[in-house]
Amino acid sequence: MFINLNEIPPEGQDWVFNRKSSELNEILSDVIGSAAYEATLSIRPLQPGTFQITGGVTTQVPEDCSRCGLGFQYNINQKFNELLMPQNALPRDGKYQKANHYSDESHTGPEVVEYTGNQFAVGEFVHEVVALAVPFNPAPEEDAKGNCRVCKIPVQNQNFSYSEELEEPESPFAALKKLKI
């Protein structure tokens, strides 16, 4: 789904997308499957060509527990505050400077999202917000007793690593020791 940025009034405009309104069902299906979702979006013009986009996404993502490997629904409740700016043409020899590492970046203030033409791809934006909200090692929440909500194993002081003792393979030169000349 695309929003024509030229049609947004000076006071801004709000949208609500969910499973029933179905505008984003297809583009979100690879991330959330058939789970319910609600995405709220508010776009307000700032100066010519620049917009502020705020809102949030609430949904569930099917994941495997990083502790026990069982499947569960990971809850996503992600807020966003971004600036929409037109994409600048990069000269042939142009370069962008980026932070050395994500942890080197400042996390105070809005991020920038670029758009081309007069259209903003809402589906792609919400898809990326949901996909980036999933942690690298997803794990379900703990209950009041400190147990995993999926497998009921106590999480505190529990080693969830996997190790297997492997037999040392015999050296290919071991047959030479047995050889009699």
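Residues numbered from 1 in each chain as written. Predicted model: local features only at pLDDT ≥ 70, side-chain atom pairs only at ≥ 80, totals over all residues. Heavy atoms only, no water.

Colleague: Could you give an account of the sheet that holds strand 2 (residues 13–18), naming the residues involved and the relevant values?
Modeller: Sheet architecture is open: 5 strands sit in the order 2-3-4-5-6, paired in mixed fashion. Sheet topology places strand 2 and strand 6 (111–115) at the edges, where each strand pairs with a single neighbour. Mean inter-strand twist for the sheet, computed between neighbouring axes without regard to direction, equals 30°. With 10 bridges joining them, strand 3 (residues 37–47) and strand 4 (residues 50–64) adopt antiparallel strand pairing. (Pairing = 2+ DSSP bridges. Helix = DSSP H or I, 4+ residues; strand = E, 2+ residues; numbered from the N terminus. Axes fitted to C-alpha atoms, helices over the stretch in contact; angles between N-to-C directions.)

Colleague: Lay out a nonpolar patch on the surface in plain terms, naming residues and giving numbers.
Modeller: On the surface, Phe 173, Leu 176, Leu 179 and Ile 181 cluster together into a nonpolar patch covering about 560 Å² of accessible area. Following the sequence through the fold, Ile 181 ends up in the segment after helix 3 (174–178). (Patch = residues over 30% accessible without salt bridge, like charges linked within 9 Å, V, L, I, M, F, W, Y side chains within 5 Å. Areas by Shrake-Rupley, 256 points an atom, 1.4 Å probe, with all protein chains shown as cover. Salt bridge = Lys/Arg side-chain N within 4 Å of Asp/Glu carboxyl O.)

Colleague: If you had to explain helix 1 (residues 25–32) to someone new, which residues and values would you point to?
Modeller: What helix 1 keeps buried is the set Asn 25, Leu 28, Val 31 and Ile 32. Within helix 1, the buried residues cover an arc of 115° as seen down the axis, which keeps them to one side. For helix 1, the exposed residues set more than 90 degrees away from the buried face come down to Glu 26 and Asp 30. Each element contacted by the buried residues of helix 1 is listed here: strand 2, strand 3, strand 4 and helix 2 (122–133). Just downstream of helix 1, Gly 33 is the residue with a positive phi angle, here 65°. (Buried < 20%, exposed > 50% of the residue type's maximum accessible area, 1.4 Å probe, protein only. Arc of directions from axis to C-beta. Contact = heavy atoms within 4.5 Å.)

Colleague: Outline the side chain of Glu 82, listing residues and values.
Modeller: Along the chain, the position of Glu 82 falls in strand 5 (residues 71–86). In this structure Glu 82 is buried but unpaired, with Lys 79 as the nearest side chain of opposite charge at 13 Å. Setting aside its immediate chain neighbours within four residues, Glu 82 contacts Phe 51, Gln 52, Ile 53, Pro 110, Glu 111, Val 112, Val 113 and Phe 125. (Lys, Arg positive; Asp, Glu negative; His and termini not counted.)

Colleague: Account for the environment of Lys 180, naming residues and giving values.
Modeller: Mapped onto the secondary structure, Lys 180 falls in the segment after helix 3. Placed 125 residues apart in sequence, Lys 180 and Gly 55 show a C-alpha to C-alpha distance of 80 Å.

Colleague: Break down the pairing of strand 3 for me, with residues and values.
Modeller: Bridge analysis of strand 2 against strand 3 gives 6 bridges, and the strand direction is antiparallel. Bridge pairing in strand 3 places Asn 18 opposite Glu 38. Between strand 3 and strand 4, which pair antiparallel in sequence order, lie 2 residues; one of them, Gly 49, sits at a positive phi of approximately 90°.

Colleague: Describe helix 2, naming the residues involved and giving the relevant values.
Modeller: Taking 1.5 Å as the rise per residue, helix 2 with 12 residues should run 16 Å; its terminal C-alpha atoms sit 17 Å apart, in good agreement. Of the residues making up helix 2, those classed as buried are Val 122, Gly 123, Phe 125, Val 126, His 127, Val 129, Val 130 and Ala 133. (Expected span 1.5 Å × (residues − 1).)

Colleague: Hey, could you go over the packing of helix 1 against helix 2 for me, with residue numbers and the actual values?
Modeller: Helix-helix packing: each pair is described by the crossing angle between the helix axes and the interaxial distance. At a minimum axis separation of 9 Å, helix 1 and helix 2 run at an interaxial angle of 15°. Put simply, helix 1 runs roughly parallel to helix 2. For the element pair helix 1 and helix 2, the recorded crossing hand is right-handed. Together, Ile 27, Leu 28, Asp 30, Val 31 and Ile 32 of helix 1 and Gly 123, Glu 124, Val 126, His 127, Val 130 and Ala 131 of helix 2 make up the contact between the two elements. Looking at the contact of helix 1 with helix 2 residue by residue, the class counts come to 7 nonpolar, 2 polar and 2 charged. (Parallel < 35°, antiparallel > 145°, perpendicular 65-115°, else oblique. Left-handed = near helix turned anticlockwise from the far one by under 90°. Nonpolar A, V, L, I, M, F, W, Y, C, P; charged D, E, K, R; others polar.)

Colleague: How would you sum up the environment of Lys 20? Please name residues and give values.
Modeller: Along the chain, the position of Lys 20 falls in the loop between strand 2 and helix 1. Among the residues examined, Lys 20 registers a relative accessible area of 80% and is labelled exposed. Distance from Lys 20 to Glu 38, taken between C-alpha atoms, is 9.6 Å for residues 18 residues apart in sequence.

Colleague: How would you explain the packing of aromatic side chains if you had to name every residue and give the values?
Modeller: By the definition in use, this model includes 4 aromatic pairs. For the pair Phe 51 and Tyr 115, a centre-to-centre distance of 6.2 Å together with 65° between the ring planes defines the contact as edge-to-face. Residue Phe 51 is located in strand 4, and its partner Tyr 115 is located in strand 6; the two are separated by 64 residues in the primary sequence. Just as Phe 51 is buried, Tyr 115 falls in that class too. On the basis of an interplanar angle of 55° and a centroid distance of 5.6 Å, the ring pair of Phe 120 and Phe 125 is categorised as tilted. Judged on exposure class, the residue Phe 120 and its partner Phe 125 are both buried. Joined through ring pairs, the aromatic side chains of Phe 80, Phe 120 and Phe 125 make up one cluster. (Phe/Tyr/Trp six-rings, centres within 6.5 Å; stacked < 30°, edge-to-face > 60°.)

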